[in-house]
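Per-entry structural report
Listed here are the chains, written in short residue letters.
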Amino acid sequence: MSGRALFDPGLQPERTDLAWRRTALAIAAASLVSLRAFPLLIDNPRVGILGVVPGIVGLMLAAGMVWRARLRYSRFLRSTEARRPQDAGGGALLLTVAGFVAMGAICSFVLVLVSVLR
Amino acid sequence: MSRGRFPSSVYDVGDEPDARFSLANERTFLAWNRTALALIAGGVALEALGLDLHPRLRLIASLTLIGAGLLFPVLAWSEWKRAERALRLGSPLPGSSASVALAVSIVGVGALILLGLLLR
């Protein structure tokens, strides 16, 4: 190691990076399951293909999270005690909320399709 | 001074807090979102697996779970903003009303499922 002082001995940037990755992993896992399960649940095969939409949205959301987390963490690594850059604002968090709500809404729509076509 | 970060309702007040507290606030937000995801997944599974419960109660329980799962990310965003403002101003952290909502949701859904089992 370079002997440069850690940004934070409590490893908060690391823990935050891992929290984003955990969240992305949970979303990705749920998305993969939905890719498998939703088209099968909808009885009409032509409509059933719409069941992949939540999964695809979810995977894109998860990929975006991991990508951004890596960018942010490398910015932390490059900062020093003397020159600590201003961290990002709440934009990514609001996007996360929007992503979740969108996915939840799409899932509800798929559920309605399932019960209507059952 | 902030360089115009979003949202201004947070970043236009107070001073830059210790980064560790901001990061902890952010991890709390993410934890809420993972909880919401679990609720949504539970709601979808409950209805999609067609478990042997009273059908209408099962549907209500499922929609409650999904509805809660849609609500908590929004609550989490609001709580993140309030906590971040409190950190910037050095005021006491606000209480977590979302926690109460979570407890009520889970107890409510559990009661619906129990009823659905008993009345099937």
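Please read all numbers here as calculations on a predicted model, not as lab measurements.

Quick look at the confidence of the model for chain B
Regions with low pLDDT carry predicted coordinates that are not meant to be interpreted in detail. Confidence in the prediction for chain B averages 90 pLDDT; 98% of positions are at 70 or higher. Ranking the elements of chain B by mean pLDDT puts helix α1 (residues 8–11) of chain B last, at 90, and helix α4 (residues 97–118) of chain B first, at 95.

As for the packing of helix α4 (residues 91–116) of chain A against helix α3 (residues 55–89) of chain B
Viewed as axis vectors pointing N to C, α4 of chain A and α3 of chain B meet at an angle of 170°, and their least axial separation amounts to 10 Å. Judged by the inter-axis angle, α4 of chain A sits roughly antiparallel to α3 of chain B. Between α4 of chain A and α3 of chain B, the residues in contact are Leu93, Leu94, Val97, Phe100, Val101, Gly104, Ala105, Ser108 and Leu111 of chain A and Ser62, Ile66, Leu70, Pro73, Val74, Trp77 and Trp80 of chain B, respectively. Looking at the contact of α4 of chain A with α3 of chain B residue by residue, the class counts come to 13 nonpolar, three polar and no charged.

Concerning the interface of chain B and chain A
One frequently used descriptor of interface size is the decrease in accessible area upon assembly of the parts. Chain B puts 32 residues into the contact, and the matching count from chain A is 35 residues. Together, the buried faces of chain B and chain A total about 3,000 Å²; carbon and sulfur atoms form 69% of this surface. At the boundary of chain B with chain A, the tally comes to one salt bridge. For Arg72 of chain A, the salt bridge identified is with Glu26 of chain B, shortest N-O distance 2.8 Å. On the surface where chain B and chain A come into contact, there are seven residue pairs in polar contact (both at pLDDT 80 or more). Broken down by secondary-structure element, the contributors of at least two residues to the side of chain B that touches chain A are α2 (19–48) and α3 of chain B. Here the side of chain B that touches chain A takes 16 residues from α2 of chain B, the largest share from any one element. Tallied by class, residues from the side of chain B that touches chain A come to 19 nonpolar, four polar and nine charged.

What counts and what doesn't
- Residues numbered from 1 in each chain as written.
- Chains lettered and ligands numbered in written order.
- Predicted model: local features only at pLDDT ≥ 70, side-chain atom pairs only at ≥ 80, totals over all residues.
- Heavy atoms only, no water.
- pLDDT = per-residue confidence, 0-100.
- Helix = DSSP H or I, 4+ residues; strand = E, 2+ residues; numbered from the N terminus.
- Axes fitted to C-alpha atoms, helices over the stretch in contact; angles between N-to-C directions.
- Parallel < 35°, antiparallel > 145°, perpendicular 65-115°, else oblique.
- Contact = heavy atoms within 4.5 Å.
- Nonpolar A, V, L, I, M, F, W, Y, C, P; charged D, E, K, R; others polar.
- Buried area = accessible area lost by both parts, 1.4 Å probe.
- Salt bridge = Lys/Arg side-chain N within 4 Å of Asp/Glu carboxyl O.
- Polar contact = N/O pair within 3.5 Å; in protein donor to acceptor, adjacent residues only side chain to side chain.

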